[in-house]
Amino acid sequence: MERRLTGRYLFALGLVAAVLVVTYVLIVQQDRQQRDAGYVINIAGMQRMLSQRIHLLIEQLHVRPGDTDAAIKVYSLGAAIERMQDNHRELTEGAGVAFLTQDIQARYFEQDGVDELTTQFLAAARTAQSKISSNPAGALEVDVELTELERVQSEGLLPKLDAVVSALEQEIAVRVQKSIDLKKTCFIAGLAVLILEALFVFAPMVRMIRETLVLYASANNALREFSYRLSHNLRAPVASAIGLVSITQETMANGDHDMARDSIERLSGAMMRLDKQISDSIAALKSQESLPDPEPVHMQQLFETVIAKLDHLPGFDHVRVSTHVRHEEPVVIVRSYVEQIVENFVSNAIKYQDPNASQSYVDIDYDKQGDLCEIRVRDNGLGVPAAHRGQLFERFQRFHPHAASGSGLGLYLVRRCAEAIGGTVNYKAVTEGSEFSFVFNAS
Amino acid sequence: MHHPQKVLLVEDNEDDQYIGRYVIKKQWPHAQIVVAKDGLHAIEVLEEAGMKPPDLILLDINMPRMDGHEFLAAWYGERGLHIPVVVILTSSEQAQDKQRTSQYSCVSDYLIKPLTQDNLATMRWAS
């Protein structure tokens, strides 16, 4: 039970952990792509601005070479050209490659595409920069480059850059939508896993726990009842013994030896009942422990052992005990359990013999059909009153308290032993007396 | 000091019957002692024609056929008849046994076995 619960619980935890890990990996991947997309859009947009700035700076230096800001403008021009060159490389070879869809590739790499126009634009800008940097007066000689820059711009660098940015935006919008869809899918998958776990893992677990609690509560109640009955059954003979000892002491002091002897005899009986009660209680507790190993047993031998153990019982001599073993082969069984079952059946038959019967008897019969074995113990004793037959194999049941003493645990123990080895015990009322049987499977 | 003329001892255990007879006789030498082996037998004894009712019933709880609770319910609870003083005599110290018997006004005391002369000398005669 505990292993099954732990297994299920670990499985459920593993499933939740797997869903969380997959979701985390997917979301991180999506976030990185979005971060890259933002960066690519940013540099694509920047290219447009840089081309205009480069053109403007060269134009200003051309119109007013050597003005007070010329040095700064020359520096800015160089930085803008470098930046545009880096951006172009990033878009065509770096992070931008991931976003080069077929449409964007066509806009970049077709004839007179962004790649070619940007290269031409940068070449013209570098030539102009070179002339201006080497000689401030050289700014007056960049007409050709200005014309080239204007040609490239007019031939579509700016609108094509706009189109690329727009295409990138569309591509990124598609990817963002996919990311949203993915997160939605992860969320739904997570919920589905939780629902499945609730249905197939947690609900059965809760059911198992509830059933276990009911079992424990029932076992606890049974144990409480057992303890109460046991303490009462132990206390009763002890209380009798205390009273009897007191009477013995008084009668001995008064010289009434006959009564003292009678009290001592009764005291002995009370002690024997107490001993029997304790032995049966220990046996009841032992029957809940681990099962002894089975061994091959000859039934006739087992019956003889049992009969020998019972020959001291009062009334044994008045009962004719006979055995009928119809199958001689040894059978593999838990010897001590079967012995206890047979012993209990036979001792009951002796204790509860009918004093009015002309000849009391106990017949012990063993037969085997295939793997099915049956031991039957039949007697012509007092039998069991019909009203009590339903509780026959329950704890603390005594039906003939005046005929003999007992702990009331005997037949309960018989049932426990039989069940422990997969057998059943039954009672059958017969015309005169009782028939108890124990059926078990030899395999 | 009470001196009952007749005591009914309702007890299934033969040793406890023996102790009961001895102790009652010692405490009240002139009392007549009648023994019933269970609740059903006690009712038979009480219903016996011309039977002089006992002054005291010493009643065990755990008995076959009809236990002490069933006897009280049958004789007192259901019939509502006036019955003599009942003193419970048991080895059960369970609170629920004591509580169940205390609902009957005829039950005056609850003694734990074994019965002694001290018990009889000091027991309550009215609840």
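Residues numbered from 1 in each chain as written. Chains lettered and ligands numbered in written order. Predicted model: local features only at pLDDT ≥ 70, side-chain atom pairs only at ≥ 80, totals over all residues.

Undergrad: What is the right way to read the overall build of chain A from this model?
TA: Across its full length, chain A carries nine helices and seven strands. Counting over 443 residues, chain A shows a buried share of 28%. Long-range pairs, those at least 24 residues apart, make up 74% of the contacts in chain A with a sequence separation of at least 6. (Helix = DSSP H or I, 4+ residues; strand = E, 2+ residues; numbered from the N terminus. Buried ≥ 20, exposed ≤ 12 C-beta atoms within 10 Å, placed from the backbone. Contact = placed C-beta atoms within 7 Å.)

Undergrad: Hey, could you run me through the overall build of chain B in this one?
TA: A count of helical and extended segments in chain B gives five helices and five strands. Along chain B, helices and strands appear, N-terminal first, in the series β-α-β-α-β-α-β-α-β-α. The 127 residues of chain B split such that 40% are buried. Sequence separation of 24 or more characterises 65% of the internal contacts of chain B that already satisfy a separation of 6 or more.

Undergrad: How should the environment of Leu149(A) be read in this particular structure?
TA: All names here are of chain A. Among the secondary structure elements, Leu-149 is positioned in helix α5 (residues 143–253). Of the residues examined, Leu-149 has 23 C-beta atoms within 10 Å and is grouped as buried. Along the primary structure Leu-149 and Gln-52 are separated by 97 residues, whereas in three dimensions their C-alpha atoms are 9.6 Å apart. Dropping the residues within four chain positions of it, Leu-149 is found in contact with His-55, Ile-58, Phe-121, Ala-124 and Ala-125.

Undergrad: Even after reading the chapter, I still don't get the sheet that holds strand β5 (residues 107–112) of chain B, so can you show me in this structure?
TA: Across a sheet, strands are paired by hydrogen bonds formed along the backbone, either parallel or antiparallel in direction. Residue and element names in this part refer to chain B. Spatially, five strands are ordered β2-β1-β3-β4-β5 in an open sheet, and the strand pairing comes out parallel. The sheet terminates laterally at β2 (32–36) and β5, the two strands that pair on one side only. The average angle at which neighbouring strand axes cross in this sheet is 20°, direction not considered. Contacting β1 (6–10), β2 and β3 (56–59), helix α1 (residues 14–27) runs over the sheet at an angle of about 165° to β2. Packing of helix α4 (residues 95–102) onto the sheet brings it into contact with β4 (85–90) and β5, and relative to β5 it is tilted by some 160°. (Pairing = 2+ DSSP bridges. Axes fitted to C-alpha atoms, helices over the stretch in contact; angles between N-to-C directions.)

Undergrad: Help me understand unusual backbone geometry in this model?
TA: With glycine set apart, most residues show a phi of negative sign, and most peptide bonds adopt trans. With omega at 5°, the peptide bond leading from Lys113(B) into Pro114(B) counts as cis. Its location among the elements puts Pro114(B) in the loop between β5 and α5 (117–122).

Undergrad: I tried to follow the nonpolar core on my own but got confused; where do I start?
TA: The tendency in soluble globular proteins is for nonpolar side chains to be buried side by side. All names here are of chain A. Ile-341, Val-342, Val-346, Val-362, Val-377 and Val-414 are the most contacted members of the largest nonpolar core, which has 36 residues in total. Secondary structure elements with two or more residues in this core: α7 (299–310), β2 (319–325), α8 (335–351), β4 (360–369), β5 (372–379), α9 (410–420) and β7 (434–441). Here the element with the most residues in this core is α8; it accounts for eight residues. Among the nonpolar cores identified, the runner-up in size contains 35 residues, and Leu-77, Leu-122, Val-152 and Leu-157 belong to it. (Core = buried A, V, L, I, M, F, W, Y, C linked by C-beta atoms within 7 Å.)

Undergrad: Is there a simple way to explain α1(B) in this structure?
TA: Since the α-helix advances by 3.6 residues per turn, residues separated by three or four positions end up pointing in the same direction. Helix length check: α1(B) (14 residues) gives 20 Å between terminal C-alpha atoms against 20 Å at 1.5 Å per residue, within 8%. For α1(B), the full list of buried residues reads Asp15(B), Asp16(B), Tyr18(B), Ile19(B), Gly20(B), Tyr22(B), Val23(B) and Ile24(B). On its buried face, α1(B) is in contact with α5 and α6 (257–286) of chain A together with β1, β2, β3 and α5 of chain B. (Expected span 1.5 Å × (residues − 1).)

Undergrad: I keep staring at the interface of chain A and chain B and nothing clicks. Help me out?
TA: One frequently used descriptor of interface size is the decrease in accessible area upon assembly of the parts. Between chain A and chain B, the contact holds 16 residues from the first and 16 residues from the second. Counting only elements with at least two residues in the side of chain A that touches chain B, the list comes to α5 and α6 of chain A. It is α5(A) that contributes the most residues to the side of chain A that touches chain B, 10 residues altogether. Within the side of chain A that touches chain B, the residues separate by chemical class into eight nonpolar, five polar and three charged. (Nonpolar A, V, L, I, M, F, W, Y, C, P; charged D, E, K, R; others polar.)

Undergrad: Would you mind going over the sheet that holds strand β6 (residues 424–429) of chain A with me for this structure?
TA: Residues and elements named next belong to chain A. On the basis of which strands lie adjacent, the open sheet formed by five strands has the order β2-β4-β5-β7-β6 and mixed pairing. A single partner strand is all that each edge strand has here, and the edge strands are β2 and β6. Sheet twist, expressed as the mean angle between neighbouring strand axes with direction ignored, is 15°. Running over the sheet, α7 touches β2 and β4 and is turned about 165° from β2. Of the strands in this sheet, β2, β4, β5, β6 and β7 touch α8, which is tilted by about 15° from β5.

Undergrad: Any chance you could explain the environment of Val297(A) here in plain terms?
TA: All names here are of chain A. Secondary-structure assignment places Val-297 in strand β1 (residues 295–297). C-beta crowding within 10 Å serves as the criterion here: with 17 such atoms nearby, Val-297 is assigned to the partly exposed category. For the pair Val-297 and Val-334, spaced 37 residues apart in sequence, the C-alpha to C-alpha distance is 8.7 Å. Setting aside anything within four residues of it in sequence, one finds Val-297 in contact with Leu-302, Pro-330, Val-331, Ile-333 and Arg-335.

Undergrad: Please explain the packing of α6(A) against α9(A) as it appears in this structure.
TA: Packed helices, taken two at a time, are described by the angle between their axes plus the distance between the axes. Residue and element names in this part refer to chain A. The N-to-C vectors of α6 and α9 enclose an angle of 20°; their axes lie 10 Å apart at closest approach. Here α9 runs roughly parallel to α6, going by the angle between their axes. The crossing of α6 and α9 is left-handed. For the pair α6 and α9, the contacting residues are Asp-280, Ala-283 and Ala-284 in the first and Gly-410, Tyr-412 and Leu-413 in the second. Looking at the contact of α6 with α9 residue by residue, the classes come out as four nonpolar, one polar and one charged. (Parallel < 35°, antiparallel > 145°, perpendicular 65-115°, else oblique. Left-handed = near helix turned anticlockwise from the far one by under 90°.)

Undergrad: Before we go on, may I ask you to explain the confidence of the model for chain B in this structure?
TA: Interpreting fine coordinate detail is not advised for predicted regions of low pLDDT. When pLDDT is averaged along chain B, the result is 88; 93% of the residues meet or exceed 70. Here the complex is predicted with pTM 0.52, and the ipTM for its interfaces comes to 0.88. (pLDDT = per-residue confidence, 0-100.)

Undergrad: Hey, could you run me through helix α2 (residues 70–93) of chain A in this one?
TA: If you check α2(A), its first and last C-alpha atoms are 34 Å apart, about what 24 residues at 1.5 Å a residue would give, namely 34 Å. Taken as a whole, α2(A) has its buried residues at Leu77(A), Ala80(A), Ile81(A), Met84(A), Asn87(A), His88(A) and Leu91(A).

Undergrad: It is not clear to me how the pairing of β7(A) should be interpreted in this structure. Could you clarify?
TA: Residues and elements named next belong to chain A. Of the two faces of β7, only one is covered, namely that formed by Ser-434, Phe-436, Phe-438 and Phe-440; the face formed by Glu-435, Ser-437, Val-439 and Asn-441 stays uncovered. Inspection of the sheet shows β5 paired to β7 by eight bridges, in the antiparallel sense. Within β7, the position partnered with Ile-375 by the bridge is Phe-438. In this structure, β6 lies alongside β7, joined through six bridges in antiparallel fashion. In the strand pairing of β7, Val-425 is matched with Phe-438. Hairpin geometry of β6 and β7 is characterised by an intervening segment of four residues between the two adjacent antiparallel strands and by a positive phi of about 95° at Gly-433.

Undergrad: Which parts of the structure should I look at to understand the packing of α8(A) against α9(A)?
TA: Residue and element names in this part refer to chain A. Interaxial distance between α8 and α9 falls to 9 Å at its minimum, and their mutual angle equals 150°. By the angle class used here, α8 and α9 are roughly antiparallel. The crossing of α8 and α9 is left-handed. For the pair formed by α8 and α9, the contact residues are Tyr-337, Gln-340, Ile-341, Asn-344 and Asn-348 on the first element and Gly-410, Leu-411, Leu-413, Val-414, Cys-417, Ala-418 and Ala-420 on the second. Grouping the amino acids of the contact of α8 with α9 by side-chain chemistry returns eight nonpolar, four polar and no charged.

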